[in-house]
Amino acid sequence: MSAAGSLQERLVAKDAPGGSINDAPHQEWNRAAASPIKKKERLLCLDAVRGLNVMLMVFVDNVGSRWNSWIDHSPWDVIHLADFVMPLFLFMVGVSMAFSMKKYAGPGLLHKVLSRTLKLFVLGCLTQGANIWLGGEGIDVANMRIPGILQRIAWAYFVVAMMKILLPTYTIHGFVRGGDWQDAPRNSCAIFTHYILHWLVAFGFFALYVCIMLFLKVPTWSFAHEGHWEDSHCEVSGAGHNRTQVCTSHWVPPVNITTICDKRGDLTPACSATRYVDHWLLGYEHMYDGGPFKRSHWCSGCAPDECDLPDGQEKPGWCDSKLDPEGVLSSVPTVLTTWLGLHF
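Criteria and cut-off values
Residues numbered from 1 in each chain as written. Predicted model: local features only at pLDDT ≥ 70, side-chain atom pairs only at ≥ 80, totals over all residues. Heavy atoms only, no water. Disulfide = S-S within 2.5 Å. Helix = DSSP H or I, 4+ residues; strand = E, 2+ residues; numbered from the N terminus. Buried < 20%, exposed > 50% of the residue type's maximum accessible area, 1.4 Å probe, protein only. Expected span 1.5 Å × (residues − 1). Bend = angle between axes of the 7 residues up to and from the residue. Salt bridge = Lys/Arg side-chain N within 4 Å of Asp/Glu carboxyl O. Polar contact = N/O pair within 3.5 Å; in protein donor to acceptor, adjacent residues only side chain to side chain. Contact = heavy atoms within 4.5 Å. Phe/Tyr/Trp six-rings, centres within 6.5 Å; stacked < 30°, edge-to-face > 60°. Lys NZ or Arg CZ within 6 Å of the ring centre and 35° of its normal.

## Points about the state of the cysteines
By definition, a disulfide is the covalent link that joins the sulfur atoms of two cysteine residues. Under the defined criterion, the tally for this structure stands at three disulfides. Residue C261 pairs covalently with C271 via a disulfide, S to S 2.1 Å. Taking the sign of the torsion about the S-S bond as the criterion, the disulfide between C261 and C271, at about -85 degrees, is left-handed. In this pair, C261 sits in the loop between β7 (255-259) and β8 (263-264) while C271 sits in the loop between β8 and α9 (273-282), placing the two residues 10 residues apart along the sequence. Across a sulfur-sulfur distance of 2.1 Å, C302 and C307 are joined as a disulfide pair. Taking relative accessible area as the criterion, C307 reaches 29% and is therefore assigned partly exposed.

Structure representation (C-alpha cells):
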C-alpha cells in the first residue's frame, strides 16, 4: 500500500461519522456536552390534581361562609364540597409515596420516613397550634392545640410507610419482606393477595374506628366555661358618619357545664366517642376551640349558618365546648385513605 493511499484512508476515516480512534475521547465529550441535562421526572397528573385541590381549598375557605349549605364544611353529619379537600390530600400523599419510597429505598429509608414525619408534625403544631402568625402572642404550651391538618398527614404517612417497610408481601415463595411484584401469584386479585397483610392492617384501622364509635360507652362529662363580658343592651344614636353605638355590658362568671351521656353509639356532637377519646388522650385544653359543629341545628337557628336560636329555645351547654375536627380518633381511618392512594 502506498503512502498516498494510507493517507487517503486516514482522511476518510477522520471524516466518517464514527471518526478515528484518536478522536473518540473528543466525540464522547462533545456528545455529553450536547446532550440535555436530565430533569427530575414528575407525575404530571399528580401535580395537576394537587393544584386543583389547592385551588378548591382556597375557594371553599374564602367563599364557603357565603354558601354554607353546600360549599363550607358540613356542620356534622352530611357532606359538603369542602369536606373533599382533606381526603384528597391524604390520597395524594399515598400516590406520592409510591415514587418517593422507591427513590430512597435502602438503609436510609427509615431515617427519611422518621425525619419527614417529625417535620410535618412539628410544623403543624407551630402553624395551627401555637398562635405564631398574624401578630400572635407566641407559643402557649399549656393550651397549644396538638391535632391539626399537617399532624393528621404525618400520622397517615408514618403508619402507611411503616406498613410498606415492615410487613412482608405474599409471593410464590411465601411471605417475603420486600418481595418483588414479579413473584406475586398471578390471579385476578393479585393486587390484594400480594399485599394481603397490608390491606388487613389498613382495613383494621377503619374497623377499629367504627367499633369505637359504635360500642365505646361515653360517660357524662363536663367542662369549665370561661367567664366573659356580654353585651346586655345597646343604644344607637346619630346617623351616617356620626352614628354611634353605646352598649352596656355585664360580666358572666365562669360556670361548670355538665352533659349527661352514659350511652354507646351516640353519633351527635354531645356524646360522640370522638370528643371523649380526644378529651381523654389530649386534654380539653389541647383541643380545637370551635369547629363546624357550632353551626349544627342543635346550636344554631339558621343551620348550616351560625346564628342565635329562636326565642324560647335554649342552646345546649356543650355548644360552647371544644371538639377537634382533626382529632385523634377521627384520624385513625385516614390510614386506609392513604393506603388506597399508594395503590392507585
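This is not the end of the story, as more comes after the structure.
## Some points on helix α4 (residues 85-103)
With 19 residues, α4 extends 27 Å from end C-alpha to end C-alpha; this agrees with the ideal 27 Å at 1.5 Å per step. At M97, α4 shows its maximal bend, which comes to roughly 35 degrees. Where α4 is concerned, the buried positions are V85, M86, F89, L90, M92, V93, G94, V95, M97, S100 and M101.

## A short note on the pattern of salt bridges
All chains considered together, the criterion is met by six salt bridges. In this structure, D324 engages R145 in a salt bridge whose closest nitrogen and oxygen atoms are separated by 2.8 Å. Taken together, the positions of D324 in the loop between α9 and α10 (328-331) and R145 in the loop between α5 (109-128) and α6 (149-166) put the pair 179 residues apart, joining distant regions of the chain. Neither residue differs from the other here; D324 and R145 are each classed as buried. Here K263 and D266 are joined by a salt bridge, their closest N and O atoms 3.5 Å apart. A relative accessible area of 35% means that K263 is categorised as partly exposed. Counted as one network, the salt bridges with shared partners bring together R145, D324 and E326.

## Thoughts on the environment of T274
In this fold, T274 is placed in helix α9. Each C-alpha atom, one on T274 and one on G327, is 7.3 Å from the other, the two residues being 53 residues apart in sequence. Here S272 takes part through its side chain, which lies 2.7 Å from a polar atom of the side chain of T274.

## What to know about the environment of W155
Within the fold, W155 resides in helix α6. With a relative accessible area of 33%, W155 lands in the partly exposed category. Counting along the chain gives 173 residues from W155 to V328, while the straight-line C-alpha distance between them is 9.6 Å. Discounting residues that sit within four places of it in the chain, W155 has contacts with F205, S331, V332, T334 and V335.

## What to know about the packing of aromatic side chains
Per the stated rule, a full pass over the model turns up 10 aromatic pairs. Taking 6.3 Å as the distance between ring centres and 20 degrees as the angle between the ring planes, the aromatic pair formed by F293 and W318 counts as stacked. Here W318 lies in the loop between α9 and α10 and F293 lies in the loop between α9 and α10, a separation of 25 residues in the sequence. Each member of the pair, F293 as well as W318, is classed as buried. Members of the aromatic cluster, connected to one another through ring pairs, are F192, Y195, W199, F203 and W339. The side chain of R275 reaches across the aromatic face of F293, ending 5.4 Å from its centre.

Everything listed here is a matter of geometry and, on its own, says nothing about what the molecule does.
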